[in-house]
Amino acid sequence: MLKIQNLKTEKENKQILKGLDLTLEKGKTYVLMGPNGSGKSTLAKTLSGDPSYKVSEGSISWEEESLLEKKPEELALQGIFISYQHPPEIPGLNISQYLRQIYNKKHDTNLNPAEFANLLEEKFTALNLPKEFKNRYLNEGFSGGEKKKMEILQMLLLKPKIAILDEIDSGVDVDALKVIIEAVKNLQNNENTTILYITHYPSLLEQVEPEKIFLMKEGKIVKEGREDLARQIREEGYAEF
Amino acid sequence: MPNFKTLDKNTVRKLSKRKQEPLWMLDLRLEALEVYKKTPLPSFGPSLKNLNLEDITFYKSPETAKKNSWEDIPADVKADFDKLGIPQAEKDFLAGVEAQMNSEAIYGSLKEKLKKQGIIFTNIEEGLQKHPEIFQKYFGKLVKPTDNKFSALNGAVWSGGSFLYVPENVTVTLPLQAYFKIGALNLGQFERTLIIAEKGSKVHYVEGCTAPSYLKNMLHAGVVEVFVAEDAQVKYTTIQNWSKNVYNLVTKKSSVEARGKMSWVDANLGSKVTMKYPACYLRGSGAHGEMLSVAYTGSGQVISAGARMVHEAPMTTSKVVSKSLAGSKGVSNYRGEVLVKEGAKNSRAFVECDSLLLTKTAKSNSYPKLVIKEASAQVEHEASASKLEEEKLQYLRSRGLSFLEAKDLIVQGFIEPVLEQLPLEYALEFNQLLQGDLL
């Protein structure tokens, strides 16, 4: 269980999260929505241990263990995965080499390039990515949809306990989104992963059938609910809340 | 036979006599000496004021050359040897503890194979002894004493180096590695290399090695001349890791005839000051020249590197890709020149110089020069200087990599376009050393 209590986070001395509470159960799917600037991505960045986001108050814990003060790589190795809304391009970094390195590190193993290539091919097929992709450089020259698939690919390899998917549905066409959601569901079935989608689009709700929807505004969760809340957001927008 | 410390006509005469050279070579040396004395230090580039030219031994005879003792070798050099897992025998050679490496047993068969193809690959002294007619035609025709003070110095006192001759239409399949060359000592201060690739031939020559090369005398002033005939292809790869006291001031030039291709690939670590600007004179229609370089500069180091591409004929093309990494308080400078002469119609030149600053105290500068005298020429120049970006580091760390692992991957990616041109084992070793150096 991920438990966040009274979380206050600031960036460059500006407070963005203003006492946020959130609880996510193991193996369940959630959706976080809210207007621009409400702090959704800040929450994701804070959970990833990004040092430019400073926690001034509150707590974050996973299975009773505090996650504050942990380095980004420690969080990742512990099973927390945050997908990037805008993943940076790393010129010259070969995808296969990179993916093998993060896979071996996370699972404390030592697959050689040939063994890993088999595993990778499986994931490529699942995500409907062309084979030539494995020789490209990380995110370099990728389309929006390709970047999102690359994030999901990394998630599939790392098999996290909890995945926070920040706007995984933006800049992605209908077919690609279907493939992505299918892959996330598969991972969840196999690994009992907790999933939190962060999105702008109510249409995502129908496809992922969340346990709960959270509505965020001005750095706090202001409402949570199910279909009724989804309908309300769809029909009235965020202004009412 | 003593070591020569004073540099005058007498010294040069003795040196030439000792090497049993033809008279015309002695004349070339004496001429170069005159030029050396008259030529001032370069008016551009890093400061050379700490380079004491009075205190340099200009010639060491092989049998009396004073060996370094293991105790004299700096700790960082020893550490690099260990990192690369170099056997003791090679360590001794590289550190100058032994003057020569005995590799006859291992490389004898290669020598035999080359000989059958008509390839001459030997040390430069032997080359001159046995093939004076080739030397008279080519030696000193590209790099002249008047090029700069250090090419003049080399012209006067050169000693050691390689001679490679590839006959018409012969392809050398394996890279030829000067480092393993039989019976030749390649770490000379004033080495001289002469390469001739005849029509339609193809060869890849590799000099240096990733292991640190320790010179007690702090000046390395090498000269390289490469002649690429019509339709020939030469790739000249340099991998150097000079110890941090060395002034590495080299002059490298190539001439390329019609449809020929010359490629300089240069990977540079170490040295105190490096100045090198390999040149391609594109003389025949459709000739191609390129320079791909990667350099790392750390604390107290200054590297000024670049290329000179001279388009003299129509349809000639050139490409310069310079990748420099500056860490600690290192200073990395790019100096390059593209010259398109009148008549070099429809020529194309591309220059890309990128630098990556690994620390706040590192510096990089770029001094490109483009002289275009032909309206139909296309010249592109791109330059970038970037810092190690927090966002990229954070991204890689969020996937489980440590700060250092993330940094290494970003650095590796940055130099990949050049590193992929190196023989695989060198690329791997270079990466390994770089990781060490960046720690």
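K.L.:
Describe in detail the overall build of chain B, supporting the description with residues and values.
P.N.:
Counting its regular elements, chain B contains 11 helices and 19 strands. Pairs at least 24 apart in sequence give 85% of the contacts found in chain B among residues at least 6 apart. As presented, chain B carries roughly 18000 Å² of accessible surface, and 51% of it is formed by carbon and sulfur atoms.

K.L.:
Provide a residue-level description of the sheet that holds strand S15 (residues 317–326) of chain B, including the pertinent values.
P.N.:
Sheet strands pair via backbone hydrogen bonds, and the direction of the pair is either parallel or antiparallel. Residue and element names in this part refer to chain B. Strand order in the open sheet made by the eight strands is S3-S5-S8-S10-S13-S15-S17-S19, with parallel pairing throughout. The sheet terminates laterally at strand S3 (176–177) and strand S19 (378–387), the two strands that pair on one side only. Contacts from helix H10 (residues 403–419) reach strand S10 (261–270), strand S13 (288–297), S15 and strand S17 (348–357), with the element oriented near 150° to S15.

K.L.:
Can you break down the interface of chain A and chain B residue by residue, with the values?
P.N.:
By a frequent convention, interface size equals the accessible area lost on bringing the separate parts together. The partner chain B presents 20 residues to the 32 residues of chain A that form the contact. Of the roughly 2100 Å² buried between chain A and chain B on both sides combined, carbon and sulfur atoms contribute 56%. Summed over the shared surface of chain A and chain B, the result is three salt bridges. With a shortest N-O distance of 2.8 Å, B:Arg397 and A:Glu73 are connected by a salt bridge. Those elements giving two or more residues to the side of chain A that touches chain B turn out to be helix H2 (72–78), strand S6 (80–83), helix H3 (95–106) and helix H5 (144–158) of chain A. Ranked by the residues each element gives to the side of chain A that touches chain B, the list is headed by H3(A), at five residues. Looking at the side of chain A that touches chain B residue by residue, the class counts come to 17 nonpolar, nine polar and six charged.

K.L.:
I'd like a description of the sheet that holds strand S8 (residues 194–199) of chain A, backed by residues and values.
P.N.:
All names here are of chain A. With mixed pairing, the six strands of this open sheet are ordered in space as S6-S7-S8-S3-S9-S10. Looking at which strands have only one partner, the edges of the open sheet turn out to be S6 and strand S10 (220–225). Strand-to-strand, the axes of this sheet are offset by a mean angle of 20°, without reference to chain direction. When strand S7 (residues 162–166) meets S8, the two strands line up parallel, connected through five bridges. Counterpart to Ile 164 in the pairing with S8 is Leu 196. Lying on the sheet, helix H1 (residues 40–47) is in contact with strand S3 (29–33), S6, S7, S8 and strand S9 (212–217); it crosses S7 at an angle near 145°. This element, H5, spans S6 and S7 of the sheet and lies at about 170° to S6.

K.L.:
Could you give an account of the pattern of salt bridges, with specific residues and numbers?
P.N.:
Residue and element names in this part refer to chain B. Scanning the entire structure with this criterion turns up 28 salt bridges over all chains. Across the pair Lys 130 and Glu 126 runs a salt bridge, and its minimum N-O distance is 3.1 Å. Of this pair, Lys 130 and Glu 126 are both found in helix H6 (residues 124–130), four residues apart, which corresponds to roughly one turn of the helix. Note on Glu 126: relative accessible area 32%, which makes it partly exposed. One salt bridge in this structure joins Lys 392 and Glu 389, with 3.0 Å as the shortest N-O distance. Using a relative accessible area of 35% as the deciding quantity, one classes Glu 389 as partly exposed.

K.L.:
Account for the nonpolar core, naming residues and giving values.
P.N.:
If you look at the biggest cluster of nonpolar residues, it comprises 82 residues, and the most contacted ones within it are A:Tyr98, A:Ile152, A:Leu165, A:Tyr197 and B:Leu396. Counting the residues that make up this core, at least three belong to each of domain 1 (9–276) and domain 2 (390–439) of chain B. The contacts of A:Ile152, once residues within four sequence positions are left out, are A:Leu127, A:Leu165, A:Ile168, A:Ile180, A:Ala183 and A:Val184. The next biggest cluster of nonpolar side chains, apart from the first, holds 36 residues, and it includes B:Val166, B:Val203, B:Tyr205 and B:Cys353.

K.L.:
Could you give me a rundown of the side chain of B:Thr238, with the residues and numbers involved?
P.N.:
Residue and element names in this part refer to chain B. Take Thr 238: it is sitting in strand S8 (residues 233–242). Residue class for Thr 238 comes out buried when judged on its relative accessible area of 1%. In contact with Thr 238, not counting residues within four places along its chain, are Glu 207, Lys 252, Val 265, Asp 266, Ala 267 and Lys 276.

K.L.:
How would you summarise the state of the cysteines if you had to cite specific residues and measurements?
P.N.:
Residue and element names in this part refer to chain B. Considering all chains together, one arrives at zero disulfides over all chains under this definition. Left unpaired, Cys 280 is separated from the closest cysteine sulfur, that of Cys 353, by 17 Å. Taking the relative accessible area as the measure of exposure, Cys 280 reaches 0% and is therefore buried.

K.L.:
Give me helix H6 (residues 174–191) of chain A: which residues, what numbers.
P.N.:
Residue and element names in this part refer to chain A. In a regular helix each residue adds 1.5 Å, so 18 residues correspond to 26 Å; H6 covers 26 Å between its end C-alpha atoms and thus fits that length. Those residues of H6 lying buried are Ala 176, Leu 177, Val 179, Ile 180, Ile 181, Ala 183, Val 184, Leu 187 and Gln 188. For H6, the capping residue at the N-terminal end is Asp 173, with a side-chain oxygen 3.2 Å from the backbone nitrogen of Asp 175. Looking one or two residues beyond H6, the residue adopting positive phi is Asn 192, at roughly 55°.

K.L.:
Got a sec to walk through the environment of B:Ala258? Specific residues and values, please.
P.N.:
Residue and element names in this part refer to chain B. Residue placement: Ala 258 occurs in the loop between strand S9 (247–256) and S10. Given a relative accessible area of 12%, Ala 258 falls into the buried group. Counting along the chain gives 250 residues from Ala 258 to Asp 8, while the straight-line C-alpha distance between them is 42 Å. When neighbours within four sequence positions are excluded, Ala 258 is seen to be in contact with Glu 230, Asp 231, Gly 284 and Ser 285.

K.L.:
Which residues make up the packing of H3(A) against H5(A), and what values do they have?
P.N.:
Residues and elements named next belong to chain A. The interhelical angle for the contact between H3 and H5, taken along N-to-C directions, is 35°, at an axis separation of 9 Å. For the pair H3 and H5, the sense of crossing is right-handed. Where H3 abuts H5, its residues Ile 95, Tyr 98, Leu 99, Ile 102, Tyr 103 and Lys 106 lie against Met 150, Leu 153, Gln 154, Leu 157 and Leu 158. Looking at the contact of H3 with H5 residue by residue, the class counts come to nine nonpolar, one polar and one charged.

Rules behind the numbers
- Residues numbered from 1 in each chain as written.
- Chains lettered and ligands numbered in written order.
- Predicted model: local features only at pLDDT ≥ 70, side-chain atom pairs only at ≥ 80, totals over all residues.
- Heavy atoms only, no water.
- Helix = DSSP H or I, 4+ residues; strand = E, 2+ residues; numbered from the N terminus.
- Contact = heavy atoms within 4.5 Å.
- Areas by Shrake-Rupley, 256 points an atom, 1.4 Å probe, with all protein chains shown as cover.
- Pairing = 2+ DSSP bridges.
- Axes fitted to C-alpha atoms, helices over the stretch in contact; angles between N-to-C directions.
- Buried area = accessible area lost by both parts, 1.4 Å probe.
- Salt bridge = Lys/Arg side-chain N within 4 Å of Asp/Glu carboxyl O.
- Nonpolar A, V, L, I, M, F, W, Y, C, P; charged D, E, K, R; others polar.
- Buried < 20%, exposed > 50% of the residue type's maximum accessible area, 1.4 Å probe, protein only.
- Core = buried A, V, L, I, M, F, W, Y, C linked by side-chain atoms within 4.5 Å.
- Domains from an automatic or database assignment.
- Disulfide = S-S within 2.5 Å.
- Expected span 1.5 Å × (residues − 1).
- Polar contact = N/O pair within 3.5 Å; in protein donor to acceptor, adjacent residues only side chain to side chain.
- Left-handed = near helix turned anticlockwise from the far one by under 90°.

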